Amino acid sequence: MKVAVTGLNNIDSPGPGVPVIRALKDSPDFKGDIIGLIYDSLEPGAYMKDVSKMNYLIPYPSNGLDALYERLESINEKENIDVIIPTLDSELYSFAKISKKLESIGIKTFLPTIDQLNYRAKDKLFEFCTKHDIKVPKNILATSIQDLYSIQSEFNYPVVVKGIFYDAYIVNNFDEAVTYYNKLSAKWGVPIIIQEYIKGDEYNVAALGDGKGNAVGAVPMKKLYITDKGKGWAGITINDPVLIEKSNKIISVLKWQSGTELEFVKEKGTNEYYLLEINPRFPAWVFLAVAAGQNLPYALFKLALGEEVEPFQSYSIGKIFIRYSWDLITDLKMFEEITVKGEINHG
Amino acid sequence: MDKKRYERPVIIKQYSGLMNKFGSSPVTKPMTEIDGIPIRRMVDEYGSPLFVFSEKKIRENYRKMYRLFKTRYPKVQFSWSYKTNYMNAVCSVFHQEGALAEVVSGYEYDRARRLGVEGRNIIFNGPDKNTASLERAIKESAKIHIDHFDELFEIIELTEKMNADVDVAIRVNMDTGIYPKWDRFGFNYENGEAMDAIKRIIKNPRLHLTGLHTHIGTYIMSADPYRVAASKLVNLANEIYKQYNIVLDYIDMGGGIPSNNTLKGQYLQAEQILPSLEDFADAITSPMFDLEMPHDELPTLYLENGRSLIDDAGYLISSVIANKRLSDGKRAVIIDAGVNYLFTSHWFNHKIVPGQQSGEFTENSAVYGPLCMNIDCLRENIVIPSFKKGDLVVILYVGAYSVTQWMQFITLRPNVIMVMEDGETELIRENENIEYINSLEKVPEILKNFSL
Amino acid sequence: MSNYIVSSNLAISDSGFLFYPATGESFTLNQIGIFILNKLREGKDENAVIQSLVDEYDVDKNTAERDFTDFIYQLKQNNLVQES
């Protein structure tokens, strides 16, 4: 059995690839080899000998579908991949679009549909959630600076300015909004999401939907330490039935298929949960869910293979993750291999 | 002694987080032929730059799209959006496939008539239909889609003066949840203006309301707005049926379905984020089943697809004039086709691929046209292999709006050919010459003599 | 005719990977790139390098000269060679 995983960029804003691999390997039932798929020659996961056996560079999403498919096809000729688990937001559209083609060469995936991907990204989320009694901050999609003028009439400052894939900034006035609009649109393109700012604590849920409306599992976490980039550097599993119920409901109404990270904020004063975002992949802290008793990535792997999966009933409360960094030492030879051949082999 | 194969020497600095060689090499897959005809041969015969249309591709696109709609709704009629590409040969292919003509000016109307399309097979849209062209359209029983009240009143006056009856539809604009909202064309749905116009038409004995029309925008990147638009038109049609017992002949959902050409400012390629054609067909057809008239009297679904049927059937072959290094070390390639032929490059990042086998090393480059103007830039950044002077490149997705919006600025417009299904190439528009351009100009007598 | 001094200690592997120890930068080159850089390291001047390109590869003198000029420009940009 060979499983290829992307997102080995275990950096200060980490991709979920390495924790997903760790989760697979953590399952006593998992027998197989891991293949790392990387976009950059310095993705740390590719240099970790006990993470993946082989690593291959693949083309960036902005290079188009053919480029990606052709590269995967040629890797598959050597490796005979059974399952690919993509873990990065910006690549999911591409993988979802070529999933049928991948299936035809024997590679299985378990991904959200394009519609589901669109639903979570657009202002439709607002309409959709209010219809199902899920509170969400107000959103507008800006495709030009012109659109920022409507902030005044729709919200009060501060507002949150978000890129379509990543990055979010809290801004206090129009000028700041313009600055971050320009910054984000240069990096990730348009639209830019302008969101009402809800004051309160953030809660995150790692979950897995089976595509039929059931949540296979859901583990909520409160961030204990947040970096200046807004990333959780430590977190603890908590017991909140309301949060679980809300997560199950979102997965059920969306018939979500694949892993997800749901981001909520609990409004100060009212204690109401607002859904901030539906991330279409597991979070980088997903191993906390595994440690708490729900091996969601392994369950996803089984779903991808078409096997039945029993929903998880519980998880341990009070499990803590604390992220740390570690300087891996390697030689120029390794860097040369990946740069020139596009491969790193840990055999 | 056999010499070793040569390619341009290349050195590329490795940056982390930037394009790697494996990431970029497939992009450079060359396109050496179109429908089996080597592009080099076409250039030898017809010159460079050269616009090429594929008859086969146009027909395939049309048939695929038609099948998608026809399998979802029983009565479907396409009309070809002239403004997208009104080259006679191109229009003829669409008419052979069964498309009506959709025109938006007296000039386009004239083009369709000269091509042999009868008035009753012309949909006359647009905000500017002058009196003469309205008169002609009424006389020739074209389908007039009324855009505003002034036009409605002019048509009423004309029918009285001409003592003629006329079939009309109205164009409806509405909120479909997309930005920008196109509310400048037609009558508004939400504020009741559309229904007002409908009542006025129905009251007039000479005017016969035969259809409803909307066109929600261009390059619409999600299918849902079409669902909203279709249900609003279906509501109107049901209202007309219930109140006046009139069954409309057709509901015209316009066009606006995108091609896979990628807009500037978009991080992902169009093909990755756009809904499939099936999604658009589902969104447009599913509300049609809420129509309340008897099933054997259901209105026909009209569509005015343009871009989505022609964009990928058009190619622009161009030759490399020179390579340059810009002051910051970035490579620039100058080719013989510029923004004067590709107006669309102002908002699209047209794909540009090599026209011959090239080395595996690629480099981020700017691609400039030949005009002595700073605006003449086709791509600010594109990862392409190195070229020699005289090498060919092929610019993709140029079938829509290029050969209608092009101009003879600084250089004259080149040949346009069509690769026919039988493998022959046919010249469908000859390159312009100085006599052709000058024949329209007049120099006042007093200016004719000068000595330098 | 120009002579070029190649920065010292450059590590070039057969695979076309170049590491510049003085700055920590790395580069990739294609086979022709390696060929030219090695000739320059041997101390060959512009004429000699171009002549050896024409002798060993299927290329005419004009093309070789033009490409050589562009290549040298890139090497200079990256501080890998200096004109002597």
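What counts, and at which threshold
Residues numbered from 1 in each chain as written. Chains lettered and ligands numbered in written order. Predicted model: local features only at pLDDT ≥ 70, side-chain atom pairs only at ≥ 80, totals over all residues. Heavy atoms only, no water. Buried < 20%, exposed > 50% of the residue type's maximum accessible area, 1.4 Å probe, protein only. Helix = DSSP H or I, 4+ residues; strand = E, 2+ residues; numbered from the N terminus. Pairing = 2+ DSSP bridges. Right-handed = clockwise from strand over helix to strand, strands pointing away. Axes fitted to C-alpha atoms, helices over the stretch in contact; angles between N-to-C directions. Parallel < 35°, antiparallel > 145°, perpendicular 65-115°, else oblique. Left-handed = near helix turned anticlockwise from the far one by under 90°. Contact = heavy atoms within 4.5 Å. Expected span 1.5 Å × (residues − 1). Domains from an automatic or database assignment. Buried area = accessible area lost by both parts, 1.4 Å probe. pLDDT = per-residue confidence, 0-100. Salt bridge = Lys/Arg side-chain N within 4 Å of Asp/Glu carboxyl O. Polar contact = N/O pair within 3.5 Å; in protein donor to acceptor, adjacent residues only side chain to side chain. Nonpolar A, V, L, I, M, F, W, Y, C, P; charged D, E, K, R; others polar. Phe/Tyr/Trp six-rings, centres within 6.5 Å; stacked < 30°, edge-to-face > 60°. Patch = residues over 30% accessible without salt bridge, like charges linked within 9 Å, V, L, I, M, F, W, Y side chains within 5 Å. Areas by Shrake-Rupley, 256 points an atom, 1.4 Å probe, with all protein chains shown as cover.

### Side note on the pairing of strand β2 (residues 33-38) of chain A
Residues and elements named next belong to chain A. Burial of β2 is extensive: five of the six residues sit out of reach of the surface. Direction of pairing for strand β1 (residues 2-6) relative to β2: parallel, over a ladder of five bridges. The residue of β2 that forms the bridge with Thr6 is Leu37. In this fold, the crossover linking β1 to β2 by way of helix α1 (residues 17-26) has right-handed handedness. Here β2 pairs with strand β3 (residues 54-57) via four bridges, running parallel.

### Things to note about the packing of helix α1 (residues 31-41) of chain C against helix α2 (residues 46-56) of chain C
Residues and elements named next belong to chain C. In the contact formed by α1 and α2, the axes pass within 10 Å of each other and the chain directions differ by 140°. Considered as vectors, α1 and α2 are oriented oblique to each other. Between α1 and α2 lies a crossing of right-handed hand. Counted together, Ile32, Phe35, Ile36, Lys39 and Leu40 of α1 and Val49, Ser52, Leu53 and Glu56 of α2 form the full contact between these two elements.

### What about the sheet that holds strand β6 (residues 159-162) of chain A?
Residue and element names in this part refer to chain A. Strand order in the open sheet formed by four strands is β5-β8-β6-β7, and the pairing between neighbours is antiparallel. Edge positions in the open sheet fall to β5 (139-142) and β7 (168-171), since each of these has one partner strand only. Within the sheet, the average angular offset between the axes of one strand and its neighbour, ignoring direction, is 25°. Where β5 and strand β8 (residues 192-196) come together, four bridges link them in antiparallel fashion. Paired with Asn139 across the strands is Gln195, a residue of β8. Together, β5, β6, β7 and β8 form the strand contacts of helix α8 (residues 174-188), whose direction differs from that of β7 by roughly 170°.

### Quick notes on helix α3 (residues 55-70) of chain B
For α3(B), with 16 residues, the first-to-last C-alpha span of 22 Å sits near the 22 Å given by 1.5 Å per residue. Taken as a whole, α3(B) has its buried residues at Glu55(B), Ile58(B), Arg59(B), Asn61(B), Tyr62(B), Met65(B), Leu68(B) and Phe69(B).

### Details of the domain arrangement of chain B
Residue and element names in this part refer to chain B. Taken as a whole, chain B is organised into domain 1 (33-52 + 313-437) and domain 2 (55-311). Measuring from the centre of the C-alpha atoms in domain 1 to the corresponding centre in domain 2 gives 33 Å. On the side of domain 2, 25 residues touch domain 1, which itself brings 25 residues to the contact. Interface area for domain 1 against domain 2, summed over the two sides, is near 2,400 Å², with a carbon-plus-sulfur share of 56%. If you sort the residues of domain 1 by the area they bury against domain 2, Phe348, Tyr397 and Tyr401 come out on top, with a joint share of 27%.

### Remarks on the confidence of the model for chain B
Detailed reading of predicted coordinates is not advised where the pLDDT is low. Residues and elements named next belong to chain B. Averaged over chain B, the pLDDT score is 91; the fraction of residues at 70 or greater is 96%. Contacts of residues 17-27 to residues separated by more than four positions or lying in other chains number 34 contacts, the stretch itself having pLDDT below 50. Confidence estimates for the predicted assembly give a pTM of 0.79 and an ipTM of 0.88.

### So, the sheet that holds strand β3 (residues 17-20) of chain C
Strand order in the open sheet made by the four strands is β1(B)-β4(C)-β3(C)-β2(C), with antiparallel pairing throughout. Looking at which strands have only one partner, the edges of the open sheet turn out to be β1 (11-13) of chain B together with β2 (11-12) of chain C. In this structure, β1(B) lies alongside strand β4 (residues 25-29) of chain C, joined through three bridges in antiparallel fashion. Bridging across to β4(C), Ile11(B) finds its partner in Leu29(C). Running at roughly 135° to β3(C), helix α12 (residues 332-341) of chain A makes contact with β3 and β4 of chain C of the sheet.

### With respect to the interface of chain B and chain C
Contacts between the two partners involve 22 residues from chain B, matched on the other side by 28 residues from chain C. Buried surface at the junction of chain B and chain C, summed over both partners, amounts to about 2,300 Å²; 54% is from carbon and sulfur atoms. Broken down residue by residue, the surface that chain B buries against chain C is led by Tyr6(B), Pro9(B) and Ile11(B), which jointly contribute 33%. One can count four salt bridges joining chain B with chain C. For Glu56(C), the salt bridge identified is with Lys4(B), shortest N-O distance 3.4 Å. For the pair chain B and chain C, the interface holds 13 residue pairs in polar contact (both at pLDDT 80 or more). Broken down by element, the side of chain B that touches chain C gets its largest block of residues, three residues, from β1(B). Residue classes in the side of chain B that touches chain C are distributed as eight nonpolar, three polar and eleven charged.

### Looking at the packing of aromatic side chains
With the rule as written, the count across this model stands at 27 aromatic pairs over all chains. Between the aromatic rings of Tyr298(A) and Phe301(A), the centroid separation amounts to 5.8 Å while the plane-to-plane angle is 35°, which identifies the pairing as tilted. You can see Tyr298(A) and its partner Phe301(A) sitting in helix α11 (residues 296-304), three residues apart, about one turn around the helix. By the burial criterion, Tyr298(A) is buried, and Phe301(A) matches it. Site record: aromatic cluster; members linked through ring pairs are Tyr62(B), Tyr66(B), Phe69(B), Phe78(B), Trp80(B) and Phe94(B).

### Quick notes on unusual backbone geometry
Looking along the chain, the bond that leaves Tyr157(A) and enters Pro158(A) is cis, with omega of 0°. Note on placement: Pro158(A) falls in the loop between α7 (151-154) and β6. Cis peptide bonds are those with omega within 30 degrees of zero, and the linkage from Ser48(B) to Pro49(B) qualifies with -5°. Checked against the element boundaries, Pro49(B) lands in the loop between α2 (39-46) and β4 (50-54). Even without a glycine there, the phi angle at Asn163(B) is positive, about 55°. Among the structural elements, Asn163(B) can be located in the loop between α7 (149-162) and β9 (166-173). Accessibility expressed as a relative area gives 56% for Asn163(B), which makes it exposed. Here Asn79(C), not a glycine, exhibits a phi torsion of approximately 60°, which is positive.

### Focus on a nonpolar patch on the surface
All names here are of chain B. Judged by side-chain polarity, Met373, Ile375, Met407, Phe409 and Ile410 come together as a nonpolar surface patch covering roughly 440 Å² of accessible area. Secondary-structure assignment places Ile375 in the loop between β17 (362-368) and β18 (377-385). On the basis of relative accessible area, Ile375 is assigned to the exposed category, the value being 51%.

### A closer look at the pattern of salt bridges
Within the structure shown, the criterion is met by 39 salt bridges over all chains. Ionic pairing is found between Lys341(A) and Glu337(A), a salt bridge with its closest N-O pair at 3.1 Å. In this pair, Lys341(A) and Glu337(A) are both assigned in helix α12, four residues apart and thus about one turn of the helix distant. For Glu337(A), a relative accessible area of 24% puts it in the partly exposed group. Close ionic contact of Glu140(B) with Arg136(B) constitutes a salt bridge, the shortest N to O distance being 3.2 Å. Each of Arg8(B), Arg325(B), Arg331(B), Glu363(B), Arg66(C), Asp67(C) and Asp70(C) takes part in a single network of salt bridges with overlapping partners.

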